[in-house]
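Examination of the molecular architecture
Spelled out, the chains give:
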Amino acid sequence: MAELSRKGTRMSGARIVLKRDVSRDQVGYVAYDKKWHIHSATRESESPQRQVWVTKDGGTVITFLEDPYLELRYLVVQGAQAAEAAQILRSALPCWTIEESFEFLRTARTSDEKIHAVYLTAASAPSNEDPQIVTAIQELARDRHADVRQALLVAMGYLASWSIVRSVARFLKENDPDHDVRRSAEHLLEGLGLPKAT
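Rules and cut-offs
For every chain, the first residue of the written sequence is number 1, and numbering continues from 1 along that sequence. Local features in this predicted model are restricted to residues whose pLDDT is 70 or higher, and side-chain atom pairs enter the listing and the counts only when it is 80 or higher, whereas totals over whole chains, interfaces and linings include all residues. Values reported for side chains reflect all heavy atoms of the structure, with hydrogen atoms and water molecules removed beforehand. DSSP bridges decide pairing: two strands pair if at least two such bridges lie between them. Starting at the N terminus, helices and strands are each numbered in turn, a helix being any DSSP run of H or I of at least four residues and a strand any DSSP run of E of at least two. What we call a nonpolar core is a set of buried Ala, Val, Leu, Ile, Met, Phe, Trp, Tyr and Cys residues that are connected through their side-chain atoms within 4.5 Å. Buried means the residue's accessible area, taken with a 1.4 Å probe over protein chains only, is under 20% of the maximum for its type, while exposed means over 50%, and partly exposed covers the values in between. Should any heavy atoms of two residues lie within 4.5 Å, those residues are considered in contact. Put simply, a salt bridge is a Lys or Arg side-chain nitrogen that is within 4 Å of an Asp or Glu carboxyl oxygen. Of the two site types, the cavity is a set of points on a 1 Å grid over the protein atoms alone where a 1.4 Å probe fits but cannot get out, and the pocket is an open set with protein on both sides within 12 Å along at least five of seven lines, each lined by residues with an atom within 4 Å of a point. Grid points are joined across faces, edges and corners, and a volume is the space filled by probe spheres set on the points. In this classification, Asp, Glu, Lys and Arg are treated as charged, Ala, Val, Leu, Ile, Met, Phe, Trp, Tyr, Cys and Pro as nonpolar, and every other residue, Gly included, as polar.

Describing the pairing of strand β5 (residues 72-79)
- As judged from the five bridges shared by strand β1 (residues 13-18) and β5, these two strands associate in the antiparallel manner. Along β5, the bridge assignment pairs Ile16 with Leu75.
- Of the pairings in the sheet, the one linking strand β4 (residues 60-67) to β5 comprises eight bridges and is antiparallel in character. Paired with Val61 across the two strands is Gln78, which belongs to β5.
- Here β4 folds back onto β5, and the loop between the two strands holds four residues, one of which, Glu71, carries a positive phi near 60°.

Written out as structure tokens, the structure is:
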């Protein structure tokens, strides 16, 4: 398999999807070791969990986010030293790579596997369109299971800068046999700032 593109993840920032067994505390241990300062955090009882650290020089922000709907935990790294901070985190913590996520998506067979795989792949994806992921999205838009097509629309929220998102959402809005999927596609288009089709 050709190496998937990572362009766009280094300049402005990176999103790092954590493996299921990685806790917020483990991220905190890395932050403590690197002397990153806690900027803000939710209480332990609050959901979804969120915590923000800032590097010593104040130029890079690391945010831990929990998405209970997608059942994902990930880090968003932004700032002048985002590439360096992201490398530190990837080296210290078990993380999904885009290659692993895409391989899971490529081999998924059941609806549940496809749903989890499409969430992982979208959250792990680079900011620039990758041809292999675009092809997978086009195939998933025609999946026989409505819940998979619905999950695809949710996952594409992570890929808002990709032009394929708009074309697939339009396709599903105009052609999907399931009413709920058509409505979700319409909502995604509205969220992307596109007017309703008349």
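What follows continues from the structure just given.
Quick word on the nonpolar core
- Counting 42 residues, the largest nonpolar core has Ile137 and Trp162 as the members making the most contacts within it.
- Counting only elements with at least two residues in this core, the list comes to β5, α3 (98-107), α4 (111-124), α5 (131-140), α6 (146-155), α7 (163-175) and α8 (179-191).
- The element that contributes the greatest number of residues to this core is α4, accounting for seven residues.
- Residues within four places of Ile137 in sequence aside, it is in contact with Leu152, Met156, Leu159, Trp162, Ile164 and Val168.

Points about the pattern of salt bridges
- Within the structure shown, the criterion is met by four salt bridges.
- Note that Lys19 and Glu100 form a salt bridge whose closest N and O atoms lie 3.7 Å from each other. Of this pair, Lys19 sits in the loop between β1 and α1 (24-33) while Glu100 sits in helix α3, and the two are 81 residues apart along the sequence.
- By relative accessible area, which is 32% here, Glu100 ends up partly exposed.
- Residue Asp143 is joined to Lys114 by a salt bridge in which the shortest nitrogen-to-oxygen separation is 2.7 Å. Taken together, the residues span a long stretch of sequence, with Asp143 in the loop between α5 and α6 and Lys114 in helix α4 at a distance of 29 residues.

Let's talk about empty space enclosed by the protein
- Evaluation of the coordinates by the stated rule reveals one cavity of 30 Å³ or more.
- Taken as a whole, the largest cavity spans an internal volume of roughly 70 Å³.
- Looking at the largest cavity, the residues that line it are Leu105, Val118, Thr121, Ala122, Ile133, Ile137, Leu140, Leu152, Ala155, Met156 and Leu159.
- Counting only elements with at least two residues in the lining of the largest cavity, the list comes to α4, α5 and α6.
- Its residues assigned to classes, the lining of the largest cavity comprises 10 nonpolar, one polar and no charged.

What is shown is where atoms sit, not what they do.
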